[in-house]
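Residue-level structure breakdown
Chain by chain, the residues:
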Amino acid sequence: MEKIIFATGNEGKMKEIREILKDLNIPVLSMKDAGIHVDIVEDGDTLEENAVIKARTIMQLTGQLVLADDSGLEVDYLNKEPGVYSARYAGEHTSYHIKNRMIVDRLNGVPDEKRTARFVCVIAAAFPDGTILTTRAAMEGRIGYEEKGANGFGYDPIFYLPEYGCTSSELTMEQKNECSHRGKALRQMKEKLKDLLK
Ligand code: IMP
């Protein structure tokens, strides 16, 4: 395998992905690096479906090994909403400040022990021969009472991590990569790839 394409346009994610996959000793290209400009409709009902749609679409366009991720926030008290719809919750163009406010408001009066939530990430790999692999991992926490922290993105400011005593938005990028759903799922995928590429 001479290169891997990661089906994302997010440069922040690419930095984290390259760091985690560096010991595979295979160049990891973003869609931009690979000169691919397509809009992929993520219309699956699960994170697995969306990750596979993205990886397979780009593999078919390039004939290369392609990885893709899909992730979301599951809030137990809200029947695991927003889940696969996390990016589109309350409208795709609604700011995260408003999305976060809405989730905190929907949990008004709910005690700590019922505020459990997790970020989940699925990584899919699509090989040129049609083989598909997926890995899934989670980061467990609770929904806080207000936004805290300036790092990260999305729902991080309201995602409280009891073992760190702060939100995931208050962790450094290195700390978050170590315990995050995306970091864990990607490391699992790396181990599968190491076995296959031996
Ligand atoms: P994506 O599939 O990685 O683009 O993530 C979908 C959505 O899930 C994001 O737009 C965020 O709303 C949410 N999300 C996923 N991972 C995180 C995270 O690490 N922090 C905060 N929000 C996240």
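This write-up is about the structure you can find in this document. (Residues numbered from 1 in each chain as written. Predicted model: local features only at pLDDT ≥ 70, side-chain atom pairs only at ≥ 80, totals over all residues. Heavy atoms only, no water.)

Observations concerning the overall build of the chain
The helix and strand inventory of the chain stands at five helices and eight strands. Going from N to C terminus, the chain has its helices and strands arranged as β-α-β-α-β-β-α-β-β-β-β-α-α. Against the compact-globule benchmark of 16 Å for 198 residues, the chain has a radius of gyration of 17 Å, which places it among compact chains. Over its C-alpha atoms, taken along the principal directions, the chain stretches across nearly 55 × 30 × 25 Å. The contacts of the chain with a sequence gap of at least 6 include a subset with a gap of at least 24, amounting to 59%. A total of about 10,100 Å² of accessible surface is found on the chain, and carbon and sulfur atoms cover 49% of it. Here the chain contributes 27 positively and 32 negatively charged side chains, and the mean placements of these two sets differ by 2 Å. (Helix = DSSP H or I, 4+ residues; strand = E, 2+ residues; numbered from the N terminus. Rg over C-alpha atoms; globule rule 2.2 N^0.38 Å. Contact = heavy atoms within 4.5 Å. Areas by Shrake-Rupley, 256 points an atom, 1.4 Å probe, with all protein chains shown as cover. Lys, Arg positive; Asp, Glu negative; His and termini not counted. Charge placed at Lys NZ, Arg CZ, Asp CG, Glu CD.)

A short note on the side chain of Ser180
Structurally, Ser180 is set in the loop between helix H4 (173-179) and helix H5 (181-197). In terms of polar contacts, Ser180 uses its side chain to reach the backbone amide nitrogen of Gly183, at 2.9 Å. Beyond its immediate sequence surroundings of up to four residues, Ser180 is in contact with Glu16 and Met139. (Polar contact = N/O pair within 3.5 Å; in protein donor to acceptor, adjacent residues only side chain to side chain.)

Some remarks on the packing of helix H1 (residues 11-21) against H5
Relative orientation of the contacting elements H1 and H5 amounts to 40°, with a least axis distance of 10 Å. In terms of orientation, H1 and H5 fall into the oblique class. Classified by chirality, the crossing of H5 by H1 is right-handed. On H5, the residues that touch Lys13, Glu16, Ile17, Ile20 and Leu21 of H1 are Arg182, Gly183, Leu186, Arg187 and Lys190. Here the contact of H1 with H5 is composed, by residue class, of four nonpolar, one polar and five charged. (Axes fitted to C-alpha atoms, helices over the stretch in contact; angles between N-to-C directions. Parallel < 35°, antiparallel > 145°, perpendicular 65-115°, else oblique. Left-handed = near helix turned anticlockwise from the far one by under 90°. Nonpolar A, V, L, I, M, F, W, Y, C, P; charged D, E, K, R; others polar.)

What to know about the site of the ligand
Near the ligand lie 16 residues; those nearest to it are Lys13, Ser71, Tyr96, Asp156 and Lys176. At 2.7 Å from an oxygen atom of the ligand is found a side-chain nitrogen or oxygen belonging to Lys176. One of the side-chain nitrogen or oxygen atoms of Arg182 is found 3.2 Å away from an oxygen atom of the ligand. Here the ligand, which alone exposes 480 Å², has 89% of that area covered by the protein. A majority-of-atoms criterion places the ligand in the largest pocket. Mapped onto the shell around the ligand, the elements with two or more residues apiece are strand S3 (65-75) and H5. With four residues, S3 is the single largest residue contributor to the shell around the ligand. Tallied by class, residues from the shell around the ligand come to five nonpolar, five polar and six charged. (Near = heavy atom within 4 Å. 1 Å grid on protein atoms, 1.4 Å probe; cavity = no way out; pocket = protein on both sides within 12 Å on 5 of 7 lines; lining within 4 Å. Sits in = over half its atoms within 2 Å of the grid points.)

Digging into H5
Given a rise of 1.5 Å per residue, 17 residues ought to cover 24 Å, and the 24 Å separating the end C-alpha atoms of H5 matches this to within 8%. Looking at the buried side of H5, the elements it contacts are strand S1 (4-6), H1, S3, strand S5 (116-126), strand S6 (132-143) and H4. (Expected span 1.5 Å × (residues − 1).)

Here's the deal with the side chain of Arg118
When you line up the elements, Arg118 lands in strand S5. The exposure class of Arg118 is buried, given its relative accessible area of 13%. Within the structure, Arg118 has its side chain in polar contact with the side chain of Glu140 (distance 3.0 Å). Apart from the residues within four sequence positions on either side, Arg118 is in contact with Gly72, Leu73, Glu74, Asp76, Lys80, Ala138, Met139, Glu140 and Phe159. (Buried < 20%, exposed > 50% of the residue type's maximum accessible area, 1.4 Å probe, protein only.)

Quick look at the pairing of S5
Most of S5 is tucked away, with ten of its eleven residues classed as buried. Bridge count between S3 and S5: ten bridges; the pairing is antiparallel. From the neighbouring strand, Asp70 faces S5, where its bridge partner is Val122. Pairing analysis gives eleven bridges linking S5 to S6, with the strands arranged antiparallel. Counterpart to Ala124 in the pairing with S6 is Thr134. Here S5 hands over to S6 after five residues, with Gly130 in that stretch at a positive phi of 95°. (Pairing = 2+ DSSP bridges.)

The quantities given are spatial measurements derived from coordinates; they are silent on function.
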